[in-house]
Amino acid sequence: MKKKIGLYFGTFNPIHIGHLAIANHMAEYSDLDEIWLVVTPHNPFKKKTSLLDNHHRLEMVFQATEGYDKLKPSDIEFKLPQPNYTVNTLAHLLEKYLDYSFGLIMGEDNLKGFHKWKNYETILEHHNIYVYPRIAEGRVDNQFKDHPKIHRIAAPIMQVSSTFIRKAIAEGKNIQPLLPPTVWNYIDEMNFYR
């Protein structure tokens, strides 16, 4: 029996309690054995001044997941050519970890645009997708409504965003309750987002 890994991709800029709540919920209430929080690297072709360096975002994910046995930080995409596509990451992981099977974790908002992903049919053919609810406009494509590889997990709806947190820090607001304490301390020490 292969170990089932759920891949939760994100910039995690910064990782917050919403990310942790969803990842932990997926670990506890799905058939996944572990959740890997995959930090997506800075796209060299995009100019994004508010995006912290890869190693800082990975460090925050590392600190946030300490104490959660089923949650693991992953820098797997740092070593892959950029720009990268999920289908390539999945192919790389399948080659590297023969005893694991990999599923994708995504919000319902991402599922609505999934038909636009590169080789989405290949992803669906070989991988399960675990979807958590999001409040968003638009509707899910009919082909994904009752698909046997798409599993809806009734996770809590988290309306916290990294964008909101960065803006609040820049405005000098106290948003400590929205971040794991170690992550708040790291951001504060490094003087990020101010």
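Every value quoted in this text rests on a predicted model; they were computed, and no experiment measured them.

1. A look at the overall build of the protein
Right, on to step 1. Assigned secondary structure in the protein consists of eight helices and six strands.
Right, on to step 2. What you see in the protein, going N to C, is helices and strands ordered as β-α-β-α-β-α-β-α-α-β-α-β-α-α.
Right, on to step 3. In terms of overall size, the protein behaves like a compact globule, its C-alpha atoms giving a radius of gyration of 17 Å where 194 residues would be expected to give roughly 16 Å.
Right, on to step 4. Principal-axis analysis of the C-alpha atoms gives the protein an extent of 45 × 35 × 35 Å.
Right, on to step 5. Expressed as a percentage of its 194 residues, the buried residues of the protein come to 44%.
Right, on to step 6. In the protein, the share of contacts with a sequence separation of at least 24, taken over all contacts with a separation of at least 6, comes to 69%.
Right, on to step 7. Total accessible area computed for the protein in this model is approximately 10500 Å², and 50% of it derives from carbon and sulfur atoms.
Right, on to step 8. Charge separation in the protein, taken as the distance between the mean sites of 23 positive and 22 negative side-chain charges, equals 5 Å.

2. Structural notes on the nonpolar core
Right, on to step 1. With 35 residues, the main nonpolar core has Tyr 8, Ile 15, Ile 35 and Leu 37 as its most contacted residues.
Right, on to step 2. Looking at this core, the elements with two or more residues in it are helix H1 (17–29), strand S2 (34–39), helix H2 (54–65), strand S5 (129–132), helix H7 (162–170) and helix H8 (181–190).
Right, on to step 3. Per-element accounting of this core gives the leading share, five residues, to H1.
Right, on to step 4. Residues within four places of Tyr 8 in sequence aside, it is in contact with His 19, Ile 22, Ala 23, Ile 35, Trp 36, Leu 37, Val 38, Ile 105 and Tyr 132.
Right, on to step 5. If you look at the next biggest cluster of nonpolar residues, it comprises 21 residues, including Trp 36, Val 38, Ile 76 and Phe 102.

3. Here we look at the packing of H2 against H8
Right, on to step 1. With their axes 8 Å apart at the nearest point, H2 and H8 run at an angle of 150 degrees to one another. On the basis of the axis angle, H2 is roughly antiparallel to H8. Mapping the contact onto sequence places His 56, Glu 59, Met 60, Gln 63 and Ala 64 in H2 and Thr 182, Val 183, Tyr 186, Ile 187 and Met 190 in H8.
Right, on to step 2. Here the residues of the contact of H2 with H8 are counted per class, giving six nonpolar, three polar and one charged.

4. Re the side chain of Glu 34
Right, on to step 1. You can see Glu 34 is positioned in strand S2.
Right, on to step 2. Setting aside its immediate chain neighbours within four residues, Glu 34 contacts Lys 3, Lys 4, Ile 5, Gly 6, Lys 70 and Lys 72.

5. Observations concerning the packing of aromatic side chains
Right, on to step 1. For the coordinates displayed, the defined rule picks out 14 aromatic pairs.
Right, on to step 2. Here the aromatic cluster, defined as three or more aromatic residues joined through ring pairs, consists of Trp 36, Tyr 97, Tyr 100 and Phe 102.

6. With respect to the sheet that holds strand S4 (residues 100–107)
Right, on to step 1. Read across the open sheet, the six strands follow the order S3-S2-S1-S4-S5-S6; overall the sheet is parallel. Two strands bound the open sheet, and with one partner strand each, they are strand S3 (71–74) and strand S6 (150–152). Taken pair by pair, the neighbouring strands of this sheet meet at an average axis angle of 30 degrees, ignoring direction.
Right, on to step 2. Lying on the sheet, helix H3 (residues 86–96) is in contact with strand S1 (3–10), S2 and S4; it crosses S4 at an angle near 155 degrees.

7. With respect to H1
Right, on to step 1. Taking 1.5 Å per residue, 13 residues should reach 18 Å; H1 reaches 18 Å between its end C-alpha atoms and fits that length.
Right, on to step 2. Three or more residues of H1 are buried, namely Gly 18, His 19, Leu 20, Ile 22, Ala 23, His 25, Met 26 and Ala 27.

8. Some details on the pairing of S5
Right, on to step 1. Neither face of S5 is open: one carries Ile 129 and Val 131, the other Tyr 130 and Tyr 132, and all of them are buried.
Right, on to step 2. Taken together, the four bridges between S4 and S5 define a ladder with parallel strand orientation. Of the residues in S5, the one forming a bridge with Gly 107 is Tyr 132.
Right, on to step 3. Pairing of S5 with S6, which is carried by three bridges, proceeds in the parallel orientation. If you follow Tyr 130 over to S6, its bridge partner there is His 151.

Here is what the cut-offs are and how they apply
Residues numbered from 1 in each chain as written. Predicted model: local features only at pLDDT ≥ 70, side-chain atom pairs only at ≥ 80, totals over all residues. Heavy atoms only, no water. Helix = DSSP H or I, 4+ residues; strand = E, 2+ residues; numbered from the N terminus. Rg over C-alpha atoms; globule rule 2.2 N^0.38 Å. Buried < 20%, exposed > 50% of the residue type's maximum accessible area, 1.4 Å probe, protein only. Contact = heavy atoms within 4.5 Å. Areas by Shrake-Rupley, 256 points an atom, 1.4 Å probe, with all protein chains shown as cover. Lys, Arg positive; Asp, Glu negative; His and termini not counted. Charge placed at Lys NZ, Arg CZ, Asp CG, Glu CD. Core = buried A, V, L, I, M, F, W, Y, C linked by side-chain atoms within 4.5 Å. Axes fitted to C-alpha atoms, helices over the stretch in contact; angles between N-to-C directions. Parallel < 35°, antiparallel > 145°, perpendicular 65-115°, else oblique. Nonpolar A, V, L, I, M, F, W, Y, C, P; charged D, E, K, R; others polar. Phe/Tyr/Trp six-rings, centres within 6.5 Å; stacked < 30°, edge-to-face > 60°. Pairing = 2+ DSSP bridges. Expected span 1.5 Å × (residues − 1).

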